[in-house]
Amino acid sequence: MRKTAVVTAGTGGIGLETALGLAAAGYAVTVVGRSADRGGRAVERIDATRPAHPARFVAADLSSLPQVRALAGRFAAEHAASGEPLTVLVNNVGAMFPERRVLDGVEASFVVNHLSPYLLTELLLPTLAAGAPSRVVNVTSAAVGLAKRTFEAAEPPGGYYGFHWYGRAKLANLAYTLDLAARLDGTGVSVFAADPGGAATEMTDGTLTDPRIVSPALRLLWPLVRRKFERSTSGPAAVAARPSIVAATDEGLAGRTGVVIGADTRPVAPFRAATDPRIAAAVRRLSEAHTLLESP
């Protein structure tokens, strides 16, 4: 039976390179994105490598929670009808917004970087469990280190600063990843986080030049910090995709869960705040409230 993989935001950048790596490893890959044109080109590029199984594209706007629900429903129905397992789910979607935006009444960074992958994963857990052994890979970021660690609401108090808000949403998702791993331990569904380190992508191209994306306290130092960060995000997407590919495919990780794969593709210690049970509980309550889901 075929091994199958879904890669969100898989039509370009790190997501496409992840899809290419999974196809090379023998997976039947589905890439998810908004643009049919980009999706078609991504499928052509994957299929040009002569994979064992042809790739496909499924259109969905992952910034829309109703579309995430519909996407999960489609995948669940397809796998139930075909009997094929869903072997790997890579939540690669991510975005940083220089100015505050609201999506369906919720701040956009929190929606795209946490609520969207949270909702997709939770809705697909029965499908992943039915196809076990299976894996969930959530892409994290070093930006968690600049995050406010309060999750009483979707947005923390104070002014909006895009880099910090992005890091906070990624911290929420990392805390969820580790919490989910503990919750699913022994089910055959393994959960990993993958830190790509950095790459030149559409998200980092031009976004970091605006000092308003960081708090006033950091703005004087931002040119120096930004240059360091830009150097770390100047590498090829193919290299940044390796941690996700390893997390999804490495047989050495079989039976393991709750592992963070670092930029050098080796396990690393998770960011300490993400292991705090109080933060995990707050993220769980907030996520459930904004998606109307309840954890089992």
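Nothing here was measured: the structure is a model prediction, and the numbers come from that model.

Let's shift gears to the pairing of strand S3 (residues 56-59). Where strand S2 (residues 27-33) lies against S3, 4 bridges are found, and the strand directions are parallel. Looking at S3, one finds that valine 32 is bridged to valine 58. The parallel pair S2 and S3 is bridged by helix H2 (residues 36-47), and the resulting crossover is right-handed.

Membership of the largest hydrophobic core comes to 57 residues, with the highest contact counts inside it found for Leu71, Phe110, Leu124, Leu128 and Phe151. Of all elements in the fold, only helix H3 (65-82), helix H4 (108-130), helix H5 (162-184), strand S8 (189-194) and helix H10 (277-291) reach the threshold of two or more residues within this core. Leu20, Val90, Ala247 and Leu253 belong to the second largest nonpolar core, which has 25 residues in total.

This part takes up the sheet that holds strand S10 (residues 267-268). Strands sit in the order S3-S2-S1-S4-S7-S8-S9-S10 across an open sheet of 8 strands; the sheet is mixed. Since the sheet does not close on itself, it has two edges, and those belong to S3 and S10, each with one partner. Across 3 bridges, strand S1 (residues 3-8) lies against strand S4 (residues 88-91) in parallel orientation. Across the sheet, residue valine 6 finds its bridge partner in S4, namely leucine 89. Sheet strands touched by helix H9 (residues 242-249): S2, S4, strand S7 (134-139), S8 and strand S9 (259-261). Its angle to S7, the strand with the most contacts, is close to 160 degrees.

What follows concerns H2. Under the 1.5 Å per step criterion, the end-to-end length of H2 is 16 Å for 12 residues, consistent within 8% with the ideal 16 Å. The complete set of buried residues in H2 reads Gly39, Ala42, Val43 and Ile46. End-on view of H2: buried residues confined to an arc of 100 degrees, all on one side of the axis. Across from the buried face of H2, at angles greater than 90 degrees, the exposed residues are Asp37, Arg41 and Glu44. In the core, the buried residues of H2 are packed alongside helix H1 (13-24), S2 and S3. The N-terminus of H2 is capped by serine 35, whose side-chain oxygen sits 3.3 Å from the backbone nitrogen of aspartate 37.

Between H4 and H5, the shortest axis-to-axis distance is 7 Å and the interhelical angle comes to 20 degrees. Between H4 and H5, the crossing angle belongs to the class labelled roughly parallel. Considering the relative orientation of H4 and H5, their crossing is right-handed. Seen from H4, the contacting residues are Ser109, Phe110, Asn113, His114, Pro117, Tyr118, Thr121, Glu122 and Leu125; seen from H5, they are Trp165, Tyr166, Arg168, Ala169, Lys170, Ala172, Asn173, Tyr176, Leu180, Arg183 and Leu184. A breakdown of the residues in the contact of H4 with H5 according to their chemical character gives 11 nonpolar, 5 polar and 4 charged.

The rules behind these values
- Residues take numbers from 1 onward in each chain, read along the sequence in its written order.
- Owing to the predicted nature of the model, reporting of local features is limited to residues with pLDDT of at least 70; listing and counting of side-chain atom pairs is limited to 80 or more, with chain, interface and lining totals taken over all residues.
- The basis for the side-chain values is all heavy atoms of the structure; hydrogens and waters are excluded.
- When DSSP finds at least two bridges between two strands, those strands are taken to pair.
- What counts as a helix is a DSSP run of H or I of at least four residues, what counts as a strand is a run of E of at least two, and both are numbered from the N terminus.
- When the strands point away from the viewer and the path from the first strand over the helix to the second turns clockwise, the crossover is right-handed.
- Residues enter a nonpolar core if they are buried and are Ala, Val, Leu, Ile, Met, Phe, Trp, Tyr or Cys, with the set joined through side-chain atoms within 4.5 Å.
- Throughout this description, buried means an accessible area under 20% of the type-specific maximum (1.4 Å probe, protein chains only), exposed means over 50%, and partly exposed covers the range between.
- Only heavy atoms matter for contacts: two residues are in contact if any of them lie within 4.5 Å across the pair.
- Helix axes use the C-alpha atoms of the stretch in contact, all axes being lines fitted to C-alpha atoms, and the angles between their N-to-C directions lie in the range 0 to 180 degrees.
- Given the number of residues in a helix, its expected span is that number minus one, multiplied by 1.5 Å.
- Arc, as used here, means the arc of the directions from the helix axis to the C-beta atoms.
- Any pair of nitrogen or oxygen atoms within 3.5 Å is treated as a polar contact; in protein, a donor-acceptor pairing is required on top of that, and neighbouring residues in sequence qualify only through side-chain atoms on both sides.
- Comment on the angle field: the value is read as roughly parallel under 35 degrees, roughly antiparallel over 145, roughly perpendicular from 65 to 115, and oblique elsewhere.
- Here a crossing is taken to be left-handed if its near helix is turned anticlockwise relative to the far helix by less than a right angle, and right-handed if that turn runs clockwise.
- Residue classes follow a fixed rule: Ala, Val, Leu, Ile, Met, Phe, Trp, Tyr, Cys and Pro count as nonpolar, while Asp, Glu, Lys and Arg count as charged, and any other residue, Gly among them, counts as polar.

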